[in-house]
Amino acid sequence: AEIRGHRRTYVGAMPGRIMQEIIKAGVTNPVFVLDEIDKVQGGSVHGDPSSALLEVLDPEQNCHFHDNFVNIDYDLSKVFFIATANNAGAIPPPLLDRMEVIDFSGYMLEEKLEIAKRHLLPKIMHDNVIDRRTMRFSDEMLKKVINDYTREGGVRQLEKQLSKVVRHRVVMLESGEKCKATVADEEIRKVLGLPVHNSEQRRPEPPEGVVTGLAWTPVGGEILFIEASLSKGKRS
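Conventions we followed
- Residues numbered from 1 in each chain as written.
- Predicted model: local features only at pLDDT ≥ 70, side-chain atom pairs only at ≥ 80, totals over all residues.
- Heavy atoms only, no water.
- Helix = DSSP H or I, 4+ residues; strand = E, 2+ residues; numbered from the N terminus.
- Rg over C-alpha atoms; globule rule 2.2 N^0.38 Å.
- Buried < 20%, exposed > 50% of the residue type's maximum accessible area, 1.4 Å probe, protein only.
- Areas by Shrake-Rupley, 256 points an atom, 1.4 Å probe, with all protein chains shown as cover.
- Lys, Arg positive; Asp, Glu negative; His and termini not counted.
- Charge placed at Lys NZ, Arg CZ, Asp CG, Glu CD.
- Phe/Tyr/Trp six-rings, centres within 6.5 Å; stacked < 30°, edge-to-face > 60°.
- Lys NZ or Arg CZ within 6 Å of the ring centre and 35° of its normal.

Engineer: Hey, could you run me through the overall build of the chain in this one?
Structural biologist: Along the backbone of the chain there are seven helices and six strands. For the chain, the α and β elements follow one another from N to C terminus as α-β-α-β-β-β-α-α-α-α-α-β-β. At 27 Å, the chain has a C-alpha radius of gyration far larger than the 18 Å of a compact globule built from 236 residues. Overall, the C-alpha framework of the chain stretches about 80 × 70 × 30 Å when taken along its three principal axes. Going through the 236 residues of the chain one by one, you find that 29% of them count as buried. Here the chain displays about 16,700 Å² of accessible surface, and carbon together with sulfur accounts for 53% of that area. Once the 32 positive and 35 negative side-chain charges of the chain are each reduced to a mean point, those two points are 6 Å apart.

Shown next, in the form of structure tokens:
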């Protein structure tokens with residue numbers, strides 16, 4: 001009903017969200033952003049939104065989109081739909097077939113470092129009314145927070161972890177406690193605890209029976225050490 005609209009026989013009937021937004025935009029060719037479309041659930045007793053979206057997103061059908069409230073066909077072929085998803089595998093296959101998939105890779109360590117220095121830290125420090133004269137992050141400490149306390153394609157968790165450290169420093173300064181301007185490893189461990197993620201390091205000479213492998217993850221590559229085990233077999 002949210003997509004196709006309510007029938008007029010119902011109390012409080014309204015057009016669907018598609019028609020409501022087109023009326024609000026005032027044009028026949030707006031851009032629609034469908035955020036987190038992979039969270040759309042399948043059919044249930046309350047209806048099947050993924051099936052309703054098929055009629056909206058399919059260019060062969062949406063020229064005759066029917067809203068139950070308006071009760072006439074409307075041409076959606078001029079509307080440009082953009083859908084976002086974190087996991088394309090969670091999108092129902094018939095719905096995914098109507099889309100052209102564009103993959104965006106996550107940020108690398110160097111990119112996260114620059115984003116933290118140029119955007120995240122200035123914003124966090126401004127919000128907490130603290131300046132660089134009383135608190136500074138070195139590149140080494142930023143890399144430590146990125147590698148040991150976050151594992152993601154974006155920077156949302158990184159912003160949360162940096163905010164915790166900055167708020168802790170504000171409390172220290174307000175209580176009159178003396179501390180160095182540069183954030184040290186001990187302060188990060190005190191606020192964030194022990195490292196949450198540990199990455200394997202390449203060994204110069206791996207022991208016998210151990211080989212180095214590479215693994216791909218959505219948040220970056222990892223080194224794996226694969227070890228062979230020896231067991232007694234049966235002679236034929």
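Engineer: Which parts of the structure should I look at to understand the packing of aromatic side chains?
Structural biologist: Here the distance between the centres and the angle between the planes together describe a pair of aromatic rings. Considering all chains together, one arrives at one aromatic pair under this definition. Relative to Phe-81, the ring of Phe-32 has its centre 5.5 Å away and its plane inclined at 85°; by these criteria the two rings are edge-to-face. Taken together, the residues span a long stretch of sequence, with Phe-32 in strand β1 (residues 31-34) and Phe-81 in strand β4 (residues 80-83) at a distance of 49 residues. Accessibility expressed as a relative area gives 9% for Phe-32, which makes it buried. Above the face of the Phe-69 ring, Arg-8 is positioned so that its terminal group lies 4.8 Å from the ring centre.

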